[in-house]
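# Examining the three-dimensional arrangement
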Amino acid sequence: MTTASPPASTPGPTTAERLRTIRRTGLSIGVATGLYGISFGALATASGLDVWQAMVLSAVMFTGGSQFAFIGVVGGGGSAIGAALAAVLLGIRNTLYGLILAPSLPRGGFRGFARAQLTIDESAALAAGGTTTAEKRAGFWAAGVWVYVFWNLFSLVGALAGQHVADPGAWGLDAAAAGAFIALLWPRLRSGEAVAVAVAAAFVALVTTPALPSGLPVLAAALVAVVAGLLPSRRPLVHHQIEGDAAPDTEPEEEPARDEGRPEGGAR
Amino acid sequence: MSMLWIAVIAASVLSFAQKWVGYQAPPDVLERPRVSRITTLLPIALLGALVATQTATSGSEIVLDARLAGLGAAVMLLCLRAPFLVVVVGAAVVAAGLRALGWA
C-alpha cells in the first residue's frame, strides 16, 4: 500500500471512485446500525409488545430513538398514548433533516415517498458529508437503504429471541434499555449546554415521577428543551439558569414557552 | 384492536408524516434560530429523561437497584468508545450478574 503510485500521477480520486467509497460507507453504516436492531427487537418483546408490533415500529416508524422511546415508556408501565407522544417528540428532528435534504433529493412518485421514509440520523449524516449533489444523493440512499434492510432484519431476530425471555430483569434487559438510551444520548453531549439540558431533564423526570401518571414525566422533561431553546444563548450563566430554574418551575414556565414556540407549530 | 396496537400504528404513521413534512416546508423555517435550537435540544432532553426513568423508576416510585450499576457500566464503556451493541450488552451483563449474585 505504501508503494502506491506517487500523488502527482493521480490528482485525486475520480468522481466514480468517490461515489463508490460513499456507497461502501453506507453499507458499513447499515450493518453497524442494523446490528443494534437486535437490542431493539429483544427489548420490544420484553417490554410487552408482540413480534408484529415490534416489526411495525421498525418498518413504518423506522427511526431508532423514537422506537426505543416508545418501548421504554411501555416497558416502564406507561400509557400507550404517552409512548406515542414520546416517540413523536423524538422524531421532530427528522423534519429538520427533510428541510436540509429537500434541495438535493428527487421529489414526487415512489422516490418522494422513499426519501421521506429513509430520512433518519444516519442517512442525513452521510448526505451532509457529500460536497456535490451526486455525492449527497449517493450517501443518502446508500445509508438509508442499507440501514433499513439490516435494521428490520435484526429487529426480527431480536424480537423472536426476546419472546422467549420469561423474566426480562434476570437478563438485565431493563438495564440494557437504560444503556441504549445513554448510548443514544452520548454523542449529542458536545457542549456544556447539552449536558445541562440532559441533566435538568433527567432531574425533572425523576422529580415528577411520583406525581404524574407513568410516561408523562418524560414529556414534562421535554419542556426543559423548549425553555432552554427560548433562553438567549451564549450567556455564561445559561448553565446554572437551566439547572436551577427548569426543575421546580416547570409549570409556570410552560405558558410563555408554548406561545413563543408557536411559529414552529404554525410552520409545519 | 388494543390500545397498544392503535398507539403503535398512530405513532408510526405520525413519524412518517414528520419526515414527509420536512420536504414540503419552506426552507426559511430553518433560519429561525429558536426553532433550530429547540429541535436540537429536544432529543437531548428526552433521552436524558429516558435514561433517568429507565434507570431509577418503577411505576411511580424512585427505585435504585442493579440498573444503576448497569448504567455505570454503560458510561464506562462509552468513555472507552465502545460500540453501541457492546454498551447495551455490557449494561445488561452487569445488572444480570449482580442480580444472579443476589447483590442487588
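First things first, this report covers the structure right here in the doc.

## Side note on the overall build of chain A
- Within chain A, the secondary structure is distributed over 15 helices and zero strands.
- For chain A, with 268 residues in total, the buried portion stands at 50%.
- Partitioning the contacts of chain A with sequence separation of at least 6, the portion at a separation of at least 24 is 72%.

## A look at the overall build of chain B
- Looking only at helices and strands, chain B has four helices and two strands in total.
- Radius of gyration (C-alpha) of chain B: 19 Å, far over the 13 Å computed for a compact globule of 104 residues.
- Referenced to the eigenvectors of the C-alpha coordinate spread, the extents of chain B come out at roughly 55 × 40 × 25 Å.
- Taking all 104 residues of chain B together, 46% fall into the buried category.
- Sequence-distant contacts in chain B: of pairs separated by 6 or more residues, those separated by 24 or more amount to 33%.

## Overview of the nonpolar core
- Counting residues in hydrophobic clusters, the biggest one holds 114 residues, and the most contacted among them are Ala 221 and Val 224 of chain A together with Ala 45, Leu 46 and Ala 91 of chain B.
- Once residues within four sequence positions are removed from consideration, Ala 221 of chain A is found in contact with Ala 201, Val 204 and Ala 205 of chain A together with Ala 45, Leu 46, Gly 48 and Ala 49 of chain B.

## Regarding the interface of chain A and chain B
- Taken residue by residue, the interface counts 88 residues in chain A and 69 residues in chain B.
- Here the side of chain A that touches chain B is built from residues that sort into 59 nonpolar, 22 polar and seven charged.

## Re the packing of helix H4 (residues 64-75) of chain A against helix H2 (residues 33-56) of chain B
- The interhelical angle for the contact between H4 of chain A and H2 of chain B, taken along N-to-C directions, is 35 degrees, at an axis separation of 11 Å. Here H4 of chain A runs over H2 of chain B; the crossing is left-handed. Along the contact surface, H4 of chain A presents Gly 65, Ala 69 and Gly 72 of chain A, while H2 of chain B presents Pro 43, Leu 46, Leu 50 and Gln 54 of chain B.
- Its residues assigned to classes, the contact of H4 of chain A with H2 of chain B comprises four nonpolar, three polar and no charged.

## Considerations on the environment of Ala 52 of chain B
- Looking at where Ala 52 of chain B falls in the secondary structure, it is placed in helix H2.
- Between the alpha carbons of Ala 52 of chain B and Ile 62 of chain B there is a distance of 9.9 Å; along the sequence they are 10 residues apart.
- Once you skip the residues sitting within four places of it in the chain, Ala 52 of chain B turns out to touch Ala 202, Ala 205 and Leu 206 of chain A.

## Observations concerning the packing of helix H2 (residues 37-46) of chain A against helix H3 (residues 51-61) of chain A
Residues and elements named next belong to chain A.
- Taken N-terminus to C-terminus, the directions of H2 and H3 make an angle of 140 degrees; their axes are 9 Å apart at the nearest point. On the basis of their axis angle, the class for H2 and H3 is oblique. The two elements H2 and H3 meet at a crossing, and its hand is right-handed. Here Gly 37, Phe 40, Gly 41, Ala 44 and Thr 45 of H2 come into contact with H3, specifically with Val 51, Ala 54, Leu 57 and Ser 58.

## A short note on unusual backbone geometry
- A positive phi angle, close to 40 degrees, is found at Phe 62 of chain A, a residue other than glycine.
- Even without being a glycine, Arg 81 of chain B presents a positive backbone phi close to 60 degrees.
- Looking at the secondary structure, you find Arg 81 of chain B in the loop between helix H3 (66-79) and helix H4 (84-101).

## Looking at H4 of chain A
All names here are of chain A.
- Given a rise of 1.5 Å per residue, 12 residues ought to cover 16 Å, and the 16 Å separating the end C-alpha atoms of H4 matches this to within 8%.
- Burial within H4 is extensive, with 12 of its 12 residues counted as buried.
- For H4, the full list of buried residues reads Gly 64, Gly 65, Ser 66, Gln 67, Phe 68, Ala 69, Phe 70, Ile 71, Gly 72, Val 73, Val 74 and Gly 75.
- Trailing H4 by a residue or two, Gly 77 shows a phi angle of about 90 degrees, which is positive.

Conventions used here
- Residues numbered from 1 in each chain as written.
- Chains lettered and ligands numbered in written order.
- Predicted model: local features only at pLDDT ≥ 70, side-chain atom pairs only at ≥ 80, totals over all residues.
- Helix = DSSP H or I, 4+ residues; strand = E, 2+ residues; numbered from the N terminus.
- Buried ≥ 20, exposed ≤ 12 C-beta atoms within 10 Å, placed from the backbone.
- Contact = placed C-beta atoms within 7 Å.
- Rg over C-alpha atoms; globule rule 2.2 N^0.38 Å.
- Core = buried A, V, L, I, M, F, W, Y, C linked by C-beta atoms within 7 Å.
- Nonpolar A, V, L, I, M, F, W, Y, C, P; charged D, E, K, R; others polar.
- Axes fitted to C-alpha atoms, helices over the stretch in contact; angles between N-to-C directions.
- Left-handed = near helix turned anticlockwise from the far one by under 90°.
- Parallel < 35°, antiparallel > 145°, perpendicular 65-115°, else oblique.
- Expected span 1.5 Å × (residues − 1).

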